[in-house]
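Given next are the chains, with one letter for each unit.
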Number of protein chains: 2
Amino acid sequence: MKIGELARRSGLSAHTIRYYERIGLLPPPDKNASGHRDYDVSILTWIDFLGRLKATGMPVREMLRYAALREQGAGTEAERQAILEIHREHVRARLAGLRENLSVLDTKIAGYAATVSAGDPAQSKGTKDDDHDIEHSDHRHGAL
Amino acid sequence: MKIGELARRSGLSAHTIRYYERIGLLPPPDKNASGHRDYDVSILTWIDFLGRLKATGMPVREMLRYAALREQGAGTEAERQAILEIHREHVRARLAGLRENLSVLDTKIAGYAATVSAGDPAQSKGTKDDDHDIEHSDHRHGAL
DNA sequence: CTAGGACTTCGAGCGCACTCCAAGTCAAGC
DNA sequence: GCTTGACTTGGAGTGCGCTCGAAGTCCTAG
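Quick summary incoming for the structure in this document.

Thresholds, definitions, all that
Residues numbered from 1 in each chain as written. Chains lettered and ligands numbered in written order. Predicted model: local features only at pLDDT ≥ 70, side-chain atom pairs only at ≥ 80, totals over all residues. Heavy atoms only, no water. Helix = DSSP H or I, 4+ residues; strand = E, 2+ residues; numbered from the N terminus. Contact = heavy atoms within 4.5 Å. Near = heavy atom within 4 Å. Polar contact = N/O pair within 3.5 Å; in protein donor to acceptor, adjacent residues only side chain to side chain. Phe/Tyr/Trp six-rings, centres within 6.5 Å; stacked < 30°, edge-to-face > 60°. Buried < 20%, exposed > 50% of the residue type's maximum accessible area, 1.4 Å probe, protein only. Lys NZ or Arg CZ within 6 Å of the ring centre and 35° of its normal. Axes fitted to C-alpha atoms, helices over the stretch in contact; angles between N-to-C directions. Parallel < 35°, antiparallel > 145°, perpendicular 65-115°, else oblique. Nonpolar A, V, L, I, M, F, W, Y, C, P; charged D, E, K, R; others polar. Salt bridge = Lys/Arg side-chain N within 4 Å of Asp/Glu carboxyl O.

Moving on: the side chain of Glu21(B). Tracing the chain through its elements places Glu21(B) in helix H2 (residues 14–23). Apart from residues no more than four positions distant in its own chain, Glu21(B) is found in contact with Leu26(B), Pro28(B), Pro29(B), Arg37(B) and Tyr39(B).

See the structure below:
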């Protein structure tokens with residue numbers, strides 16, 4: 001499979017595929033007589049997994065660590081597992097935060113719905129709101 | 001409240017607070033006789049909400065639209081509500097995707113756990129894995 | 001034989017969201 | 001009256017993750 005087809009099938013651009021190879025996320029593929037990259041279909045599985053790591057917020061630096069271990073092959077499983085387990089915790093934390101913020105969003109929207117309907121009782125001149133907020137407790141959002 | 005205290009209490013740096021003001025996320029506060037910014041505590045509520053928008057992945061561009069409407073005050077509620085409702089859908093989609101990718105991660109980790117324990121039956125020379133993968137169906141990850 | 005399109009490498013440029021620096025002002029404490 | 005430290009402005013720099021452009025090579029079809 002040449003890079004164009006891989007691009008189509010993976011959803012990445014050819015530029016991005018070469019970039020990933022440059023930085024070490026993708027292993028250097030075989031080249032044919034013309035110097036063109038020739039990919040094995042199995043690369044699609046790896047790209048899919050990379051996509052999942054990315055979608056769950058893993059920084060490229062970390063993917064690189066994982067990819068390097070994968071390249072080394074046997075004997076690196078425990079370390080790869082550890083990386084994924086730590087990442088899984090990050091994802092879980094992110095999920096929890098997202099759920100909480102979603103509920104704040106729900107509350108805020110419900111407040112607007114109440115205000116916008118019913119002829120706007122609480123606002124006549126200059127509502128900048130920060131109204132319908134039902135308490136903010138603590139909540140860190142320093143580190144995303 | 002001066003900028004230093006606001007920085008401490010909001011978790012943002014003073015640099016970031018000024019930056020947010022420059023771009024329009026924060027309203028220009030009063031200045032005292034020395035030209036120093038003097039904030040009302042109510043700004044903390046707004047910063048907290050901005051933090052939630054950010055934590056849920058809203059781009060600054062979009063926050064700016066919302067902030068501008070908020071500055072305009074009364075009469076912009078419906079539009080603000082619409083922004084939040086659209087954003088809420090994005091957040092829900094993100095949550096769904098995250099949940100799915102989390103389960104893929106679980107499966108992958110379980111595979112490593114099986115491999116790493118039990119004396120490694122499936123790998124002796126050169127496992128790069130893409131093993132324990134139990135089917136990938138489709139899954140877009142082009143647009144994060 | 002020539003035009004088109006896909007490929008190659010190298011390096012520059014971009015969008016986002018900060019983050020920091022330099023040079024200056026000002027209030028308070030010793 | 002002088003140092004310390006928090007503040008001011010404007011603008012430059014940073015890190016991330018791509019994204020694109022230029023110039024060249026190579027295969028294929030007409």
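Here the focus is the protein's contact with DNA strand C. As a structural note, the neighbourhood of DNA strand C is formed by 18 residues, with Gly4(A), Arg37(A), Tyr20(B), Lys54(B) and Arg61(B) the closest of them. Take the atoms of DNA strand C that sit within 4 Å of the protein: sugar and phosphate atoms are 75% of them. Between DNA strand C and the protein, one listed contact pairs a phosphate oxygen with a backbone N or O atom of Arg37(A) at 2.6 Å. Contact between DNA strand C and Val60(B): a phosphate oxygen at 3.3 Å from a main-chain N or O atom of the residue.

Now for the packing of aromatic side chains. Counted by the stated rule, this structure contains eight aromatic pairs over all chains. Ring centres of Phe49(B) and Tyr66(B) lie 5.8 Å apart, and the angle between their planes is 50°; this geometry places the pair in the tilted category. Residue Phe49(B) is located in helix H3 (residues 43–55), and its partner Tyr66(B) is located in helix H4 (residues 60–72); the two are separated by 17 residues in the primary sequence. Of the two residues examined, Phe49(B) and Tyr66(B), each falls in the buried class. Within the aromatic cluster, the residues linked to one another by ring pairs are Trp46(A), Phe49(A) and Tyr66(A). Lying over the aromatic face of Trp46(A), Arg70(A) brings its terminal NZ or CZ to 4.1 Å of the ring centre. Lying across the ring of Phe49(B), Lys108(A) places its NZ or CZ 4.7 Å from the centre.

Residues and elements named next belong to chain B. Between helix H1 (residues 3–10) and H2, whose axes approach to 8 Å, the crossing angle comes to 100°. Relative to H2, the element H1 lies roughly perpendicular. Contact with H1, carried on its side by Ile3, Leu6, Ala7 and Ser10, involves Ala14, Ile17 and Arg18 of H2 and no other residues of that element. For the contact of H1 with H2, the class distribution of residues is five nonpolar, one polar and one charged.

Looking now at the protein's contact with DNA strand D. Residues in contact with DNA strand D amount to 19 residues; listed here are only the nearest, Tyr20(A), Gly4(B), Arg18(B), Lys31(B) and Arg37(B). For DNA strand D, a phosphate oxygen lies 2.5 Å from a polar atom in the side chain of Arg37(B). Contributing elements (two or more residues each) for the surface near DNA strand D: helix H2 (14–23) and helix H4 (60–72) of chain A together with H1 and H2 of chain B.

Taken as a whole and assessed by the stated rule, the structure comprises 18 salt bridges over all chains. One salt bridge in this structure joins Arg88(B) and Asp106(A), with 2.8 Å as the shortest N-O distance. Here Arg88(B) is found in helix H5 (residues 77–116), whereas its partner Asp106(A) is found in helix H5 (residues 77–116) on a different chain. A relative accessible area of 15% means that Arg88(B) is categorised as buried. We classify Asp106(A) as partly exposed; its relative accessible area is 29%. Among the salt bridges present, the one from Glu5(B) reaches Arg9(B), with a minimum N-O distance of 3.1 Å.

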